[in-house]
Amino acid sequence: MAIQSVGVIGAGQMGNGIAHVFAVAGYDVLLTDISREALDKALDLIDRNLERQVSRDKISAEDKAAAMARLKTTQTLSELGQTDLVIEAATERETVKQAIFEDLVPHLKPETILTSNTSSISITRLASRTDRPEKFMGFHFMNPVPVMQLVELIRGIATDDATYRALHEVVEKLGKTAASAEDFPAFIVNRILMPMINEAVYTLYEGVGSVSSIDSAMKLGTNHPMGPLELADFIGLDTCLAIMNVLHDGLADTKYRPCPLLTKYVEAGWLGRKTGRGFYDYRGDEPVPTR
Ligand SMILES: CC(=O)CC(=O)SCCNC(=O)CCNC(=O)[C@H](O)C(C)(C)COP(=O)(O)OP(=O)(O)OC[C@H]1O[C@@H](n2cnc3c(N)ncnc32)[C@H](O)[C@@H]1OP(=O)(O)O
Ligand SMILES: NC(=O)C1=CN([C@@H]2O[C@H](COP(=O)(O)OP(=O)(O)OC[C@H]3O[C@@H](n4cnc5c(N)ncnc54)[C@H](OP(=O)(O)O)[C@@H]3O)[C@@H](O)[C@H]2O)C=CC1
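Residues numbered from 1 in each chain as written. Chains lettered and ligands numbered in written order. Predicted model: local features only at pLDDT ≥ 70, side-chain atom pairs only at ≥ 80, totals over all residues. Heavy atoms only, no water.

*Asks:* I'd love a proper account of helix α4 (residues 94-104), names of residues and values included.
*Replies:* Along α4, the residues that are buried comprise K97, Q98, I100, F101 and L104. The buried residues of α4 occupy an angular sector of 160 degrees when projected down its axis, which confines them to one face. Exposed and oriented more than 90 degrees from the buried face of α4 are T95 and D103. Contact partners of the buried residues in α4: β1 (5-9), β4 (85-88), β5 (113-116), α5 (123-128) and β6 (136-141). (Buried < 20%, exposed > 50% of the residue type's maximum accessible area, 1.4 Å probe, protein only. Helix = DSSP H or I, 4+ residues; strand = E, 2+ residues; numbered from the N terminus. Arc of directions from axis to C-beta. Contact = heavy atoms within 4.5 Å.)

*Asks:* Any details on the packing of aromatic side chains? Residues and values, ideally.
*Replies:* Counted according to the given criterion, the structure contains 8 aromatic pairs. Ring geometry for F22 and F141: centres 6.1 Å apart, planes at 65 degrees, overall edge-to-face. One end of the pair, F22, is in helix α1 (residues 13-24); the other, F141, is in strand β6, and 119 residues separate them in sequence. Relative accessible area serves as the criterion here: at 0%, F22 is assigned to the buried category. (Phe/Tyr/Trp six-rings, centres within 6.5 Å; stacked < 30°, edge-to-face > 60°.)

*Asks:* Kindly report on the environment of A252, identifying the contributing residues and their values.
*Replies:* Summarising the element assignment, A252 is placed in the loop between α10 (237-251) and α11 (260-267). With relative accessibility at 70%, the residue A252 sits in the exposed group. For the pair formed by A252 and S78, sequence separation is 174 residues and the distance between their alpha carbons is 37 Å.

*Asks:* With reference to specific residues and values, describe the UniProt feature "domain: 3-hydroxyacyl-CoA dehydrogenase C-terminal" (unreviewed entry) in the chain.
*Replies:* Feature annotation in UniProt assigns "domain: 3-hydroxyacyl-CoA dehydrogenase C-terminal" (unreviewed entry) to the following positions: residues 187-282. Secondary structure content for residues 187-282 is 62% helix and 2% strand, while the C-alpha to C-alpha distance between its ends is 31 Å. (UniProt positions renumbered as here; feature names shortened; annotations may be inferred.)

*Asks:* Describe the site of ligand 2, with residues and values.
*Replies:* Near ligand 2 you find 23 residues, and of these D33, E92, K97, S119 and I235 are the closest. N117 is positioned with one of its side-chain polar atoms (N or O) 3.0 Å from an oxygen atom of ligand 2. Protein burial of ligand 2: of its 890 Å² of free accessible surface, 81% is covered by the chains. Counting only elements with at least two residues in the shell around ligand 2, the list comes to α1, α4 and β6. (Near = heavy atom within 4 Å. Polar contact = N/O pair within 3.5 Å; in protein donor to acceptor, adjacent residues only side chain to side chain. Areas by Shrake-Rupley, 256 points an atom, 1.4 Å probe, with all protein chains shown as cover.)

*Asks:* Describe the pattern of salt bridges, and please don't skip the residues or the numbers.
*Replies:* Here the structure, examined in full by the defined rule, presents 15 salt bridges. With its nearest N and O atoms 3.0 Å apart, the salt bridge here joins D238 to K274. In this pair, D238 sits in helix α10 while K274 sits in the loop between α11 and β9 (280-281), placing the two residues 36 residues apart along the sequence. According to the relative accessible area criterion, K274 is partly exposed, its value standing at 46%. Each of the salt bridges in this network shares a partner with another, and the network as a whole consists of D47, E51 and K64. (Salt bridge = Lys/Arg side-chain N within 4 Å of Asp/Glu carboxyl O.)

Written out as structure tokens, the structure is:
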């Protein structure tokens, strides 16, 4: 079956980036969220990010108009049942994702492929709660989606070859590169990246360095485009903590213990850029380190 239409669940930073790249690649996109405000903000952001690509000659003004025309939003989850491919990109919480799949499954066409953009949660476990574990996969995009080349493809224990091949083809049509990962906690990228970020928070917690010195040390000392604390703010500290908890619970090894300071920031509602404050305060003209 040729995939032509795509449903995206969750209009946060990942959902809007995923909707953006699929619309540019010629797919009809239906984006849903529980909040109308999130949908309106996502449409506005996609428009601005497409404009940025036009201004840098990455796409033409006609491509932008065509992409915006292919993009629709709805607050009714069941409407996504008629699409060929569904990508769930809601909050990184297993109960939230399971509830979404439970509500959606009765409305799905039999041939629809179901995927999750989860950063860490077991694909086999998510798939087992649906009516189609063989047509279920982890489809893990990186942030910011329009810029990052990689998509991790994660097969659950029951995923069939046809589903894997179909998603591999989609990745190629998007002009991105796939890397296959086995279904273990946090897969490849976050198994390696998130302990580094967590260690940077411990480095701050233990007073080895300030926010600025830790970030400049890693940017200038290891050529990372962002320091680990700046990157944590960019990803979202709630998402970082959720991933560390999945690693800690799933691998039962104390080396994945989330830093108490990371927990404290999340408990304060300081989730990074998306709430205006994290390891940096973004409410002024320039980001100001909080420690
Ligand atoms: C948590 C998970 O589950 C998995 C993950 O995603 S982990 C996070 C992975 N992501 C990273 O590690 C990102 C690390 N950071 C970076 O690579 C860079 O800082 C960055 C690409 C985000 C920004 O780069 P920069 O050079 O500082 O900024 P900027 O010049 O504004 O952007 C670079 C390019 O991206 C484009 N861009 C940035 N954000 C964009 C967006 N949202 N949409 C479209 N284009 C965008 C810019 O227009 C610019 O294009 P040109 O090269 O044509 O000029
Ligand atoms: N941030 C990152 O760098 C990356 C994140 N991911 C993964 O992508 C997913 C989304 O992350 P991200 O975009 O950063 O998170 P955000 O917090 O930016 O967005 C999540 C969105 O999902 C919405 N949502 C929550 N519950 C539901 C629901 N039941 N139905 C529909 N929408 C819902 C939220 O609404 P509200 O705000 O109203 O709760 C919010 O708009 C997570 O699984 C995350 O792990 C993957 C790669 C990178």
